[in-house]
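Each chain is listed here by its residues.
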Amino acid sequence: MRNLWTDPTTLAVTCGRGIVPYLKQELEALGYEILGANDTMVGIRAKSACRDILRLNLCLRTAQRVLWPFVQETRCRNLDDLYRLAVNAPWEQVLDVGESFFVNNATRDVEAVVDTRMPTLKLKDAIVDRMRDRCGRRPNIGDNVLVRVLADGRELYNRRAPLRSALRVVRAALEDWLDGLPEGKERAELLVEVDGYDLMSGDLPLRKIDLMTLRKRFERTFAGRLAGGTPGAAVFLWWEGTHAKIYLDTSGDSLSRRGYRKEGWLAPMQEALAAACVMATGWDRRAPFVVPFSGSGTPAIEAAMIARNIAPGTLRADFAFMHLKGWGNIIPGEKAGESVRKRFGATPKEIWRDMVAKAKAAELPFDAPVLPPIVGVDWEEKAVDAAEANANAAGVGANVKFFADDYTDTPLPKGPGVLFMNPPYGERLEDVPTLEPLYEGIGQWLRHGVPAGWKAWVITSSKELSLKIGLRTSAILPFKNGPLDCRLIGYDIGAPATAGDASDDERLAAWDDGDAAPAPAPEALPEATPPEQSGEAMGRDAE
């Protein structure tokens with residue numbers, strides 16, 4: 001009989017590419033033994049399955065998912081092999097037939113798989129068949145909704161899809177249809193309907209088929225359900241070549257989705273990536289942390305959460321582990337808080353509530369004198385409004401000051417401190433030649449506008465643009481920002497020139513190597529004791 005909550009086990013913790021060193025540092029700081037790692041996953045030994053699963057989901061800043069191995073790695077050549085592998089697994093022991101579940105997969109280099117959605121569908125079929133056979137009825141599969149897209153009476157899409165994928169499905173259907181229209185067509189009769197809600201309809205001019213407006217309507221209509229997080233239990237398939245392994249995904253929605261990003265902006269940085277970048281700078285939570293090009297505020301917000309010792313999991317109301325079998329069952333010998341009868345044990349639900357309460361009690365108050373100034377600057381008023389809304393949602397609105405200004409007018413608190421910049425890369429927003437003056441200007445500002453002693457970090461995907469900054473680098477660290485291969489480049493402001501300084505060619509070679517210097521050890525980890533600090537008052541005209 002498999003029991004997620006009590007069986008001795010190992011756990012796999014996933015993250016984005018380039019983040020493994022920082023995830024390992026987090027795990028080691030929490031006291032875990034590292035069993036192995038690849039470029040997107042770290043394996044650890046769980047000391048107490050229940051408490052470790054809950055603790056990791058609560059505390060980790062740089063992780064995406066916490067996975068519990070359910071079907072061990074085995075040979076799997078095609079979809080029929082996958083079905084046989086899954087249908088023979090004891091799903092009824094870990095999944096509750098009264099709860100929904102959904103499946104994610106990471107499939108690559110599988111000769112028999114042309115469409116990577118097919119493994120998900122085949123695995124779902126196997127689980128449903130097994131549960132129906134053993135429990136007498138089938139469980140629900142995620143938050144599936146009916147999506148209908150019709151144009152001029154032609155059915156572009158009419159079937160069920162996960163709610164979180166509905167907008168992507170609609171967009172793909174409309175874009176394919178628009179690409180195939182004859183020249184000169186100006187109007188079309190259109191219907192876009194998701195779960196019975198009319199998002200766009202009528203005889204419309206083609207120029208008014210605005211995908212951005214459609215997205216806003218979708219998000220307004222389904223805000224509550226989208227914010228609700230995981231729709232149930234979660235299963236994760238890893239399949240590479242001829243080998244597959246199936247996990248229970250205890251996180252569900254990616255841990256990077258903290259839940260505070262209420263307002264978006266152009267090319268937002270993912271929360272886990274932002275936290276890893278903050279850690280990579282070596283910031284000690286004492287010095288000022290300043291973010292020009294702050295966009296919707298994610299790096300500044302993550303820094304403030306680190307400074308306040310806010311465990312990221314406290315912001316989320318729902319995780320996949322809450323929908324697994326045994327969530328409400330007592331585990332003999334466990335304890336959770338003073339009010340629980342220790343003689344009889346405690347349930348995972350009670351243990352989670354106790355963990356969250358203790359994490360909240362360990363947070364620094366918003367006005368603690370040890371907290372450093374944290375500043376975000378963006379030239380767009382709307383970006384600043386979005387950042388302030390997101391900071392308030394994260395509970396750190398009082399700890400980050402956002403200003404609408406040019407980066408060259410960034411207010412620098414009394415330092416030295418850390419500057420973190422995420423300027424446009426030239427791949428999604430502008431062409432590289434257009435951005436060359438911006439990067440040259442960043443170099444001039446760092447050289448003449450930032451006091452000596454500060455440390456500056458710039459993340460970019462463009463080697464050519466990085467050279468336009470024209471300063472000696474102290475580190476070049478590899479990261480992945482979505483599909484883009486990036487480097488986080490460090491500069492010691494005011495450092496004297498030395499005979500060993502790298503040339504442009506050497507800096508380009510270091511970029512290709514992906515690591516010109518080791519990452520500084522992160523000082524801000526989930527359960528670290530906040531360092532003492534005198535604290536400085538900071539306003540718009542901070543020195």
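Located above this text is the structure these notes cover.
The following paragraphs examine the structure supplied in this document.

Reading guide: rules and limits
- Residues numbered from 1 in each chain as written.
- Predicted model: local features only at pLDDT ≥ 70, side-chain atom pairs only at ≥ 80, totals over all residues.
- Heavy atoms only, no water.
- Helix = DSSP H or I, 4+ residues; strand = E, 2+ residues; numbered from the N terminus.
- Buried < 20%, exposed > 50% of the residue type's maximum accessible area, 1.4 Å probe, protein only.
- Contact = heavy atoms within 4.5 Å.
- Areas by Shrake-Rupley, 256 points an atom, 1.4 Å probe, with all protein chains shown as cover.
- Pairing = 2+ DSSP bridges.
- Axes fitted to C-alpha atoms, helices over the stretch in contact; angles between N-to-C directions.
- Salt bridge = Lys/Arg side-chain N within 4 Å of Asp/Glu carboxyl O.

1. Comments concerning the overall build of the chain
At step 1: Within the chain, the regular secondary structure consists of 14 helices and 18 strands.
At step 2: Expressed as a percentage of its 543 residues, the buried residues of the chain come to 52%.
At step 3: A sequence separation of at least 24 residues applies to 73% of the contacts in the chain between residues at least 6 apart.
At step 4: As displayed, the chain offers around 24,600 Å² of accessible surface, 46% of which is attributable to carbon and sulfur atoms.

2. What about helix α8 (residues 271–280)?
At step 1: Taken across its 10 residues, α8 has 10 buried, putting it largely inside the fold.
At step 2: Those residues of α8 lying buried are E271, A272, L273, A274, A275, A276, C277, V278, M279 and A280.
At step 3: Where α8 terminates, the next one or two residues include G282, which has phi positive at roughly 80°.

3. Remarks on the sheet that holds strand β4 (residues 65–75)
At step 1: Taken together, 7 strands build an open sheet; the order of strands is β2-β3-β1-β4-β11-β10-β5 and the sheet is mixed. Edge positions in the open sheet fall to β2 (34–37) and β5 (101–108), since each of these has one partner strand only. Taking the axes of each pair of neighbouring strands and ignoring which way they run, one obtains an average angle of 30° across the sheet.
At step 2: Where strand β1 (residues 10–14) lies against β4, 3 bridges are found, and the strand directions are antiparallel. Residue pairing across strands places V13 opposite V66, the latter belonging to β4.
At step 3: Its contacts with the sheet place helix α4 (residues 118–135) against β5, β10 (233–240) and β11 (243–249), and it is angled at close to 140° to β5.

4. Some details on the pattern of salt bridges
At step 1: Under the definition given, this model contains 23 salt bridges.
At step 2: Between E240 and R108 there is a salt bridge whose closest N-O contact spans 3.5 Å. Of this pair, E240 sits in strand β10 while R108 sits in strand β5, placing them 132 residues apart in sequence.
At step 3: A salt bridge links R132 to D129; the shortest N-O distance between them is 3.1 Å. Of this pair, R132 and D129 both sit in helix α4, 3 residues apart, which is roughly one turn of that helix.
At step 4: Residue D129 is classed as partly exposed on the basis of its relative accessible area, which comes to 28%.
At step 5: Connected through shared salt-bridge partners, E92, R130, D133 and R134 make up one network.

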